[in-house]
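The residues making up each chain are set out below.
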Amino acid sequence: MARARAARLSGNRLHLQDGPIDLVIEAMGAASEVEAGYAAAARRFQTILDELCAELPILRLPIRPGNPMPEGVAARRMWHAAAPFAGAFITPMAAVAGAVAEEVLGAMTAAADIRRAYVNNGGDIALYLASGEQTHIGLVDRPDRPRIYGTVSIAASQPVRGVATSGWRGRSFSLGIADAVTVLAATAAGADAAATVIANAVDLPGHPAIRRQPARDRDPQSDLGAIPVTVAVGALTDGEVEAALASGLAAARDCIAEGLVAAAALHLAGRTVQTGLPLLHHAKAA
């Protein structure tokens with residue numbers, strides 16, 4: 001069994017870490033309820049990595065007819081979040097960070113009467129908002145060199161409980177060239193999968209300034225195998241940036257039309273565009 005670690009951070013936040021999973025959690029409410037919620041989150045976290053590792057061969061398979069469905073609760077959450085995008089190559093791993101955040105948040109809120117809470121898994125965030133509550137989240141343009149370029153205000157009355165960011169500069173591989181694509185959706189797992197797909201669509205296929213390598217050359221364990229992933233993006237003209245963002249916006253709008261996403265902000269080479277609900281501040285609407 002994995003040896004998960006727990007610690008307290010400033011502001012009475014909880015830090016849970018186990019292997020590649022690194023969560024920062026904050027809950028607001030009566031002190032006794034917050035402590036009960038944190039204890040429940042820590043208990044649920046103890047086994048979640050082991051559960052996912054036990055089904056890793058299945059979770060790395062693309063979602064296609066005939067391929068098996070995983071059995072674990074968190075693993076199935078990943079599968080269901082990725083399934084709507086099965087028209088393209090996608091595996092349940094596209095939703096792993098959001099699904100883990102959701103699973104831990106669910107354990108916490110089931111055990112305690114909390115007003116507001118979040119579980120942040122490396123930038124993929126699951127939210128809980130009781131009636132009348134609101135939260136604010138900063139957006140970064142480059143995960144490797146964070147700078148807040150916009151903010152999100154999310155109210156309990158809005159259909160958003162998950163925020164996720166994807167792009168070639170992040171901790172996961174991307175097929176596209178977006179510096180960052182941030183998605184707001186009903187669930188963190190759903191936002192995670194959608195952000196992956198939209199970020200993949202921000203692209204200029206065959207452009208000589210874009211360097212790619214097979215994913216397995218960068219990580220032999222990657223679920224993407226021989227699929228080329230972006231490893232460097234050189235100088236682009238303004239028109240090329242606009243074209244790549246337009247491709248991503250089309251994918252984002254398809255997700256919104258299908259009810260999979262509430263809003264998305266796409267960032268590339270200093271240019272930001274958004275679509276969906278008017279929740280993203282300091283970003284140009286498109």
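Above this note sits the structure.
How should the nonpolar core be read in this particular structure?
Where a protein is soluble and globular, its nonpolar side chains tend to be buried together. Ranked by size, the top nonpolar core spans 68 residues in total, and within it Leu23, Ile25, Met108, Val183, Ile198, Val202 and Leu266 carry the most contacts. Ranked by the residues each element gives to this core, the list is headed by helix α5 (residues 188-201), at 9 residues. Leave out the neighbours within four places in its chain, and Met108 touches Ile25, Ala27, Gly37, Tyr38, Ala40, Ala41, Ile114, Ala117 and Val119. Tyr118, Ile125, Leu127 and Leu184 belong to the second largest nonpolar core, which has 17 residues in total.

Sorry if this is basic, but what is going on with helix α4 (residues 96-111) here?
Within an α-helix, residues lying three or four positions from one another point in the same direction, as the helix has 3.6 residues per turn. In this model α4 runs 23 Å from its N-terminal to its C-terminal C-alpha over 16 residues, within 8% of the 22 Å that 1.5 Å per residue would give. Restricting attention to buried positions, one finds in α4 the residues Ala97, Gly98, Ala99, Val100, Ala101, Glu102, Glu103, Val104, Leu105 and Met108. Each element contacted by the buried residues of α4 is listed here: β3 (21-28), α1 (31-54), α3 (73-82), β4 (116-121), β5 (124-129) and α5.

Is there a simple way to explain the pairing of strand β7 (residues 148-155) in this structure?
In the case of a regular strand, side chains alternate between the two sheet surfaces. Burial runs high along β7: 6 of the 8 residues are buried. As judged from the 7 bridges shared by strand β6 (residues 134-140) and β7, these two strands associate in the antiparallel manner. In the strand pairing of β7, Ile137 is matched with Val152.

Got a minute to help me understand the environment of Pro20 in this structure?
Among the secondary structure elements, Pro20 is positioned in the loop between β2 (13-18) and β3. Residue class for Pro20 comes out exposed when judged on its relative accessible area of 64%. Expressed as a C-alpha distance, the spacing of Pro20 and Gly122, which sit 102 residues apart in the sequence, is 9.8 Å. If sequence neighbours within four positions are ignored, Pro20 has contacts with Leu49 and Arg171.

What exactly am I supposed to notice about unusual backbone geometry here?
Glycine aside, the phi torsion of most residues is negative, and most peptide linkages are trans. Positive phi outside glycine occurs at Asn12, with the angle close to 55 degrees. With respect to the helices and strands, the residue Asn12 is situated in the loop between β1 (5-9) and β2.

Even after reading the chapter, I still don't get the environment of Ala112, so can you show me in this structure?
Within the secondary structure layout, Ala112 lies in the loop between α4 and β4. As for Ala112 and Gln221, which are separated by 109 residues in sequence, their C-alpha atoms are 38 Å apart. Apart from the residues lying within four places of it in its own chain, the contact partners of Ala112 are Glu33, Ala36 and Gly37.

Can you walk me through the packing of α4 against α5 in this structure?
Each pair of packed helices can be summarised by the angle the axes make with each other and by the distance between the axes. Following both chains from N to C, one finds α4 and α5 inclined at 170 degrees, their axes separated by 7 Å at the closest point. The pairing of α4 with α5 is recorded here as roughly antiparallel in orientation. Where α4 abuts α5, its residues Val96, Ala97, Gly98, Ala99 and Glu102 lie against Ala188, Ala189, Gly190 and Asp192.

It is not clear to me how the side chain of Thr91 should be interpreted in this structure. Could you clarify?
Mapped onto the fold, Thr91 is located in the loop between α3 and α4. On the basis of relative accessibility, which here comes to 2%, the residue Thr91 falls in the buried class. Not counting residues up to four positions away in its chain, the partners in contact with Thr91 are Leu59, Arg60, Leu61, Pro62, Ala82 and Asp223.

How should I be thinking about the pattern of salt bridges in this particular structure?
Two side chains that carry opposite charge are able to pair once their charged atoms sit near each other. The full count for this structure, using the stated rule, is 13 salt bridges. Between Glu102 and Arg77 there is a salt bridge, with its nearest N and O atoms 2.8 Å apart. Of this pair, Glu102 sits in helix α4 while Arg77 sits in helix α3, placing them 25 residues apart in sequence. Look at Glu102 and you get buried, because its relative accessible area is 14%. The partner of Glu242 in a salt bridge is Arg271, with the nearest N and O atoms 2.6 Å apart. Separated by 29 residues along the polypeptide, Glu242 in helix α7 (residues 238-257) and Arg271 in strand β13 (residues 271-276) bring together distant segments of the chain. Connected through salt bridges with shared partners, the residues Arg44, Glu51, Arg77, Glu102 and Glu103 form a single ionic network.

Help me out: how do you make sense of α1 in this one?
Over its 24 residues, α1 extends 36 Å from the first C-alpha to the last, a length consistent with the 34 Å expected when each residue adds 1.5 Å. Its maximal kink placed at Ile48, α1 deviates by approximately 30 degrees. Taken together, the buried positions of α1 are occupied by Val34, Gly37, Tyr38, Ala40, Ala41, Arg44, Phe45, Ile48, Leu49 and Leu52. Buried-residue contacts for α1 involve β1, β2, β3, α2 (56-59), α3 and α4.

Please explain the side chain of Glu103 as it appears in this structure.
Position of Glu103 among the secondary structure elements: in helix α4. Residue Glu103 is classed as buried on the basis of its relative accessible area, which comes to 11%. Excluding residues within four positions of it along the chain, Glu103 makes contact with Arg44, Ile48, Val73, Ala74 and Arg77.

What counts, and at which threshold
Residues numbered from 1 in each chain as written. Predicted model: local features only at pLDDT ≥ 70, side-chain atom pairs only at ≥ 80, totals over all residues. Heavy atoms only, no water. Core = buried A, V, L, I, M, F, W, Y, C linked by side-chain atoms within 4.5 Å. Buried < 20%, exposed > 50% of the residue type's maximum accessible area, 1.4 Å probe, protein only. Helix = DSSP H or I, 4+ residues; strand = E, 2+ residues; numbered from the N terminus. Contact = heavy atoms within 4.5 Å. Expected span 1.5 Å × (residues − 1). Pairing = 2+ DSSP bridges. Axes fitted to C-alpha atoms, helices over the stretch in contact; angles between N-to-C directions. Parallel < 35°, antiparallel > 145°, perpendicular 65-115°, else oblique. Salt bridge = Lys/Arg side-chain N within 4 Å of Asp/Glu carboxyl O. Bend = angle between axes of the 7 residues up to and from the residue.

That is the geometry; function is a separate question.
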